[in-house]
Structure formats: C-alpha cells, structure tokens
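# Remarks on the overall topology
For reference, the chains in residue letters:
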Amino acid sequence: MCGIVGYIGTKEKKSVILGGLKELEYRGYDSAGLAVMTDNCGCGSDIAYFKAVGKLENLEKKTANFTSKGFGVAIGHTRWATHGKPTEINAHPHFGEYSFVTHNGIIENYKELKEYLEKQGVKFISQTDTEVVVHMFEYLNRSEKDPFIAFEKTIAKLVGSFAILIITKAAPDKIFFAKNAVPLIVGKSDEDEIIFSSSDAPLIGLAKEAIYLEDGMYGVAQMGEVKIYQQKKLITCTPQLLPADKSYAQKEGYRFFMEKEIYEQSQVASETLMGRIKYNKINLEEINSQIFDDIDEIVLCACGTSYHAALAASYLFERIAKIRAKVETASEFRYRDPVLNKNSLFVVISQSGETADTLEALKIAKNAGLKTLAICNVDNSSIVRLAGNVLLTRAGIEKGVASTKAFATQVLTLWMVVLYIAQIRKTIDEETLHSEIKALLHIPQVLNIPDGLHEKIHRMSKHYLHGHGFFFIGRDIFYPLALEGALKLKEISYLHAEGYASGEMKHGPIALVDEGLFTVALLPQNVLYEKTKSNVEEIAARDGYVLTLSPLEFELSDDFIKTSKQNHAMSEFFEMMVALQLLALEISIRLGNDVDMPRNLAKSVTVE
Ligand code: F6R
C-alpha cells in the first residue's frame with residue numbers, strides 16, 4: 001500500500017521526507033517521489049520534484065545533489081501501483097502548473113472528472129487516478145482565487161478512498177490535506193514543525209503527539225498550526241501520545257504483521273471492490289471482456305493458499321456462471337503433459353506474482369495459445385507482465401509469510417469475475433445478480449472483527465496445544481476454506497493439521513478420531529447444514545474433540561464459535577475465514593513461534 005509523508009519546517013526537507021518514506025517501506029511500494037518548495041534564492045517560491053521507479057535508494061541517488069535551506073514545505077510518496085504501471089510518470093507527486101499532490105487510495109470517479117477537465121482543455125500525462133486531483137484543484141482555484149476554497153471544493157468532488165497532501169505556489173507556506181478511508185496522521189514538533197504521515201513511524205522522534213485524522217476530515221497546515229475541518233466546520237481534535245518504539249509503530253500496535261494483516265482485511269476488501277461495481281453491475285475495465293467469448297471452460301491454476309482461493313472459486317464458476325471449472329496445482333500441471341483446450345480461459349492466481357511453478361504453468365498455457373488472466377497482488381511482477389489480462393487484488397504488501405489478506409482479496413476478485421461472466425452470459429437473472437452484488441459489497445463489513453471474538457479465540461487456543469493433530473472439515477466452498485484453515489495452522493504452529501471434505505471422513509480419515517484428535521468443523525447455515533452436521537456428529541460419537549464454527553448452536557461441540565446469521569454463504573465463508581486465521585495465530589503465539597517468519601518457509605517461492 002502506498003505511503004505518504006509531508007513536512008513544514010526548517011530542517012533539510014529532502015532528508016526529512018526520505019527518512020519518513022524509509023519508515024514506510026514496510027508497506028510495500030514500487031516507485032517513490034518527493035516535491036520540495038523552497039525560497040532558496042529569495043526571489044519567490046520554487047518547487048523541485050524527483051521521482052524514481054524501484055527502491056528508495058534510486059530516489060536517494062536522484063536527489064543526491066539537491067538540498068534545501070531554511071523554511072519550506074515538502075511532500076513525499078511511495079507508490080504501490082493500482083492504476084497504471086509503476087513508471088516514473090505514474091509515480092507521485094503529480095503536478096499541474098504550480099501545485100503538487102500525493103495521494104493514497106483510489107479515486108473511484110476519476111474517469112468522469114478527467115473527462116470533464118479534458119473538455120476544459122486540461123492535459124493529463126499519467127495513467128493514474130491521482131492526477132485528476134491536482135488539475136481539479138488548479139482548475140477551481142482559477143475561479144475561486146482562494147486555494148483553501150478550491151481545495152475544499154476539489155475534495156467534495158472526489159468519490160473513493162484518499163489521504164491527500166497538496167502543496168502549491170498559490171500558498172507556499174502551507175500543506176492542504178484530506179482523509180477518507182485510508183490513514184493520515186499529523187503531528188507538531190516542539191519547534192512548531194508539522195509532519196504528516198500514513199502511519200506513526202515517521203513521526204516518532206520528531207513529534208511526541210499526533211492527531212489520527214478521521215474520515216471526512218480535511219484542512220490546511222502551516223508552521224505551528226493545523227486547522228482541521230469536517231463538513232465545512234472548523235473542529236478541534238485531541239492529539240494522542242505517539243508510541244516510542246518504531247518497529248511496534250510499523251505493526252501499528254499489533255504484535256505481528258500477520259495479526260495486523262488479519263485486521264486490515266475489511267479495508268483492503270473495500271479497495272478490491274472499489275471502482276469495480278457501478279450502477280449495480282460488475283465493471284472490470286482492466287480486462288478485455290472479449291476474453292470470455294467462446295470460452296467453455298475455466299482452468300484455475302495456483303499453489304498453496306492461492307490454490308485454495310482457486311478451489312473455492314471453482315464452485316462459484318459452475319454454480320453461478322454455469323461454466324466448467326477445473327483447478328490445477330501448478331507444480332503438478334507443469335509436468336503432466338496436460339491436454340489443453342483452446343476454448344479454455346487459463347487463470348493463474350498468485351499473491352507475489354513470482355511463484356516459479358505458477359509462472360511456468362502460465363507460460364505453458366500461453367504457448368499453447370490459451371487466453372490468460374492473472375489474479376495477482378503485485379503489479380509488474382513476472383506473472384503480471386506475462387499474462388494476457390490482469391486483475392490486481394489490491395491487498396497491499398503482505399509481510400506475514402502466512403497469507404491472510406491476500407487470500408481474502410483473491411476470493412473476492414474471483415467472485416467478481418464469476419459475476420462478470422454471469423452478467424455477460426445472463427446465467428442468472430437480474431434479481432439474483434443484484435443480490436449477489438449486494439452480498440459482495442457487504443463483505444468489508446463482514447471482515448470487521450467483532451468485539452470479543454479475538455479474546456474468545458485467545459482463551460480457547462489453550463485447549464489445542466497438545467493432542468495428535470487436527471482435522472478441518474467443511475463441504476462445498478467450506479471445503480477449500482477447511483484446507484486453508486489447516487494450512488494456516490500447520491504453517492505457523494507446526495502442528496499436524498489436515499483439511500477434508502466432510503463427506504470424505506468415513507472413507508478413511510475417521511479412523512484417526514479419538515480424544516486426542518481435534519476437529520474444527522465449519523457448519524454454515526446456508527450450505528448443506530444438515531449433511532455437515534451429521535458428519536460432525538459421527539466424529540463426536542467417536543469421542544473426537546470438536547470445535548464448531550456455526551451461527552446455530554450445536555450441543556455436541558466441545559468448543560463453539562458462534563458466527564452471525566448471514567443470508568449469503570459467502571458472508572459465512574469470510575466470517576469463518578477470519579476466525580480460522582485468528583485461531584492459527586493464537587495457537588502459534590501460545591507455542592512461542594515466530595508468527596511472521598515460520599521455519600522453513602519463504603514469502604515468495606521463486607524456485608520449484
Ligand atoms: C500460505 C502461503 C503459500 C502461498 C504459495 C503461493 O500461507 O502463503 O501457500 O500461497 O506459496 O504463493 P503466491 O500466491 O505468491 O503464488
């Protein structure tokens with residue numbers, strides 16, 4: 001996810017901005033940039049800007065001969081590409097004639113705004129959604145002749161998520177800022193300097209306290225003063241004490257990155273959906289809709305957690321889009337001389353975009369002339385570069401080796417593709433499509449972790465530190481979720497865990513059931529409840545220890561996580577997913593393991 005930094009003060013601005021961006025590196029990025037306004041020559045303000053693709057070192061090299069003396073304002077940005085490739089032109093800050101902007105988030109209605117501005121003669125140079133902000137600001141400032149009012153009116157026109165900083169020669173000692181749905185923090189030092197950032201790490205050491213801006217807040221800052229507005233009214237916000245430890249701050253108060261990433265799922269799910277649903281229709285502008293013409297089969301290919309996302313989606317492709325769906329483990333697909341059908345769409349799913357087996361599978365499909373689509377989290381990765389079409393999952397960098405938010409966004413993206421095909425092929429009626437879209441839009445809410453759930457799972461986790469292993473069981477889409485729950489647990493707890501389709505138990509695995517075997521049973525209300533329940537009863541009858549996840553009480557459970565009553569199976573899916581992630585996390589913490597860097601595992605598996 002992008003990072004944003006701003007500074008008003010007398011320190012060397014470039015160094016402050018670069019230092020701040022370094023602290024935000026953990027968020028992940030593929031290009032960076034900064035702009036500094038100074039009055040070095042005493043003849044009026046001037047803005048210098050620099051951008052570089054890749055690591056911050058590249059930006060450091062570009063700015064090596066630049067310094068700024070005395071008072072000034074500056075903004076900086078690390079960009080995680082969402083609209084447009086990671087190029088210098090697309091890197092922030094974006095500029096107009098006399099102003100510069102940095103932005104985190106996604107401006108959903110940028111196309112409409114851009115079209116309007118283009119009609120007024122404004123020229124755009126980047127492919128980003130962000131550039132529209134600076135041009136709109138300057139366009140409105142032409143008539144308003146008051147940069148604050150122009151800024152306020154610009155913000156009012158934006159739909160989407162944003163943390164925005166603008167510097168402008170029209171107000172050379174100020175930074176204009178706004179926040180909606182992505183984080184923005186502002187602090188003041190003892191010397192009256194003002195520092196903005198996406199998280200508190202860059203502020204630590206410069207300021208003792210900070211204001212964590214809330215959605216809908218915007219304003220203007222100058223040396224020693226931050227004016228914050230909400231709904232056009234000046235408001236007062238109480239600063240909070242900043243943490244003293246930077247690595248703690250990077251984890252935003254969580255003990256592990258995995259924990260932070262579990263909690264981020266609601267927000268990143270909103271980003272995944274953003275701009276892709278318009279007027280009650282799925283709108284996947286990034287892909288050529290013709291890739292679905294003449295297709296009679298979807299082949300989904302991936303590894304590990306991404307494979308589980310593929311498997312879950314395969315049920316949806318057949319049930320909703322009425323198209324045959326096959327799921328392939330990439331490492332197997334590569335060497336089994338697969339017979340490929342020219343009318344298949346080959347879909348690879350990968351968080352990193354660098355997994356060697358998945359990449360090679362994609363090459364095989366491409367060479368065989370198949371249409372290809374990548375569902376990936378990292379723009380410009382090898383898989384993204386190779387695939388014919390790409391949908392980015394927009395989960396932001398995932399640092400925990402055990403994948404959580406990437407999985408959630410993969411399933412969400414695949415569900416959107418399913419509905420897109422259903423929409424094109426009219427395999428479901430309008431009413432069903434609308435209720436599916438409603439369910440899709442409800443997922444960010446489902447992913448909010450309810451009060452008490454984490455604590456309950458923490459307390460429960462002490463029951464699971466012994467025994468001879470775990471079964472995770474479920475049916476239908478809850479079978480891949482069971483596989484995923486088992487994988488999460490084994491990766492970070494090193495306990496033996498297997499996922500099974502509930503109906504398979506009596507075909508062998510049930511022989512292992514005794515009082516030392518834990519079964520985690522996924523018992524949703526909306527999918528085959530009675531059938532799964534009787535599978536769980538068979539385990540309970542053999543004295544197995546059962547943890548049930550269900551919205552309906554189940555008296556035979558030894559432990560019970562009550563999920564909410566949902567009217568869509570996918571809502572139940574995502575709610576149970578969060579509980580399984582927290583269970584793995586808490587068991588691992590109790591066992592004293594390194595949650596973020598489990599033994600023997602790597603985040604990106606670039607060898608086969
Ligand atoms: C599990 C996990 C792995 C990855 C797998 C594929 O938590 O992260 O199983 O899912 O190595 O990686 P990507 O998705 O990067 O292709």
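What you are looking at is a predicted structure, and each value in this text was computed from that prediction instead of being measured. (Residues numbered from 1 in each chain as written. Predicted model: local features only at pLDDT ≥ 70, side-chain atom pairs only at ≥ 80, totals over all residues. Heavy atoms only, no water.)

## Notes on helix 1 (residues 13-23)
For helix 1, the buried fraction is high: 8 of the 11 residues fall into the buried class. Its side-chain oxygen placed 3.4 Å from the backbone nitrogen of Lys14, Glu12 serves as the N-cap of helix 1. (Buried < 20%, exposed > 50% of the residue type's maximum accessible area, 1.4 Å probe, protein only. Helix = DSSP H or I, 4+ residues; strand = E, 2+ residues; numbered from the N terminus. Polar contact = N/O pair within 3.5 Å; in protein donor to acceptor, adjacent residues only side chain to side chain.)

## Observations regarding the nonpolar core
If you look at the biggest cluster of nonpolar residues, it comprises 94 residues, and the most contacted ones within it are Phe317, Trp415, Phe470 and Phe574. Residue contributions to this core peak at 14 residues, all from helix 18 (residues 569-590). Mapped onto the domain boundaries, this core takes at least three residues apiece from domain 2 (259-446) and domain 3 (449-590). Among residues more than four places away in sequence, those in contact with Phe470 are Tyr464, Leu489, Leu495, His496, Ala497, Glu498, Leu517, Phe518, Val520 and Ile587. (Core = buried A, V, L, I, M, F, W, Y, C linked by side-chain atoms within 4.5 Å. Domains from an automatic or database assignment. Contact = heavy atoms within 4.5 Å.)

## Comments concerning the environment of Glu271
One can find Glu271 in helix 8 (residues 265-273). Relative accessible area serves as the criterion here: at 9%, Glu271 is assigned to the buried category. Measuring from C-alpha to C-alpha, the distance between Glu271 and Ile149 comes to 28 Å, with 122 residues separating the pair along the chain. If we ignore the near neighbours within four places in the chain, the residues touching Glu271 are Ile106, Ser161, Val182 and Arg394.

## With respect to the packing of aromatic side chains
For the coordinates displayed, the defined rule picks out 25 aromatic pairs. With 5.8 Å between their ring centres and 20° between their planes, Tyr218 and Tyr229 make a pair best called stacked. Taken together, the residues Tyr218 in strand 12 (residues 217-222) and Tyr229 in strand 13 (residues 225-230) connect sequence positions 11 residues apart. You'll find Tyr218 and Tyr229 in the same group, each marked buried. (Phe/Tyr/Trp six-rings, centres within 6.5 Å; stacked < 30°, edge-to-face > 60°.)

## Concerning the environment of Ser435
Topologically, Ser435 is positioned in helix 14 (residues 430-446). A relative accessible area of 40% means that Ser435 is categorised as partly exposed. Measuring from C-alpha to C-alpha, the distance between Ser435 and His568 comes to 9.2 Å, with 133 residues separating the pair along the chain.

## Structural notes on the site of the ligand
In the neighbourhood of the ligand, 14 residues make up the surrounding shell, with Ser306, Ser350, Gln351, Ser352 and Thr355 lying closest. The contact in question runs from an oxygen atom of the ligand to an N or O atom on the backbone of Thr305, over 3.1 Å. Here the ligand has 400 Å² of accessible area as a free molecule, and 90% of this is covered by the chains. Only helix 9 (304-319) and helix 16 (478-493) provide two or more residues apiece to the shell around the ligand. For the shell around the ligand, the element with the most residues is helix 9, which contributes 3 residues. Looking at the shell around the ligand residue by residue, the classes come out as 4 nonpolar, 8 polar and 2 charged. (Near = heavy atom within 4 Å. Areas by Shrake-Rupley, 256 points an atom, 1.4 Å probe, with all protein chains shown as cover. Nonpolar A, V, L, I, M, F, W, Y, C, P; charged D, E, K, R; others polar.)

## Concerning the environment of Val390
If you trace the backbone, Val390 turns up in strand 22 (residues 389-392). Exposure remark for Val390: the relative accessible area of 17% places this residue in the buried category. Between the alpha carbons of Val390 and Ile235 there is a distance of 43 Å; along the sequence they are 155 residues apart.

## Side note on the UniProt feature "domain: SIS" (unreviewed entry) in the protein
Those residues carrying the UniProt feature "domain: SIS" (unreviewed entry) are residues 288-427 and 460-598 in this numbering. Across residues 288-427, the secondary structure splits into 41% helix and 21% strand, with the terminal C-alpha atoms separated by 20 Å. Note that residues 460-598 is 37% helix and 19% strand, and that its end C-alpha atoms are spaced 22 Å apart. (UniProt positions renumbered as here; feature names shortened; annotations may be inferred.)

## Some points on the packing of helix 15 (residues 453-460) against helix 18
The N-to-C vectors of helix 15 and helix 18 enclose an angle of 45°; their axes lie 9 Å apart at closest approach. Considered as vectors, helix 15 and helix 18 are oriented oblique to each other. Classified by chirality, the crossing of helix 18 by helix 15 is right-handed. When helix 15 is examined against helix 18, the residues Leu453, His454, Ile457, His458 and Arg459 are found in contact with a partner set consisting of Ala579, Leu582, Leu583, Leu585, Glu586 and Arg590. In terms of residue class, the contact of helix 15 with helix 18 is made up of 6 nonpolar, 2 polar and 3 charged. (Axes fitted to C-alpha atoms, helices over the stretch in contact; angles between N-to-C directions. Parallel < 35°, antiparallel > 145°, perpendicular 65-115°, else oblique. Left-handed = near helix turned anticlockwise from the far one by under 90°.)

## Digging into the sheet that holds strand 20 (residues 344-350)
The pairing of strands in a sheet happens through backbone hydrogen bonds and is either parallel or antiparallel. The strand order across the open sheet built from 5 strands is 19-18-20-21-22, with neighbouring strands paired in parallel fashion. What marks the edges here is a single partner per strand, and that holds for strand 19 (324-329) and strand 22. For this sheet the average axis-to-axis angle between neighbouring strands, irrespective of direction, equals 20°. Pairing analysis gives 6 bridges linking strand 18 (residues 297-302) to strand 19, with the strands arranged parallel. Residue Ala302 lies in a different strand from strand 19, and its bridge partner there is Thr329. Relative to strand 19, helix 9 is tilted by about 170°, and along the sheet it contacts strand 18, strand 19 and strand 20. Contacts from helix 11 (residues 356-367) reach strand 18, strand 20 and strand 21 (371-376) within the one sheet, and its direction differs from that of strand 20 by about 165°. (Pairing = 2+ DSSP bridges.)

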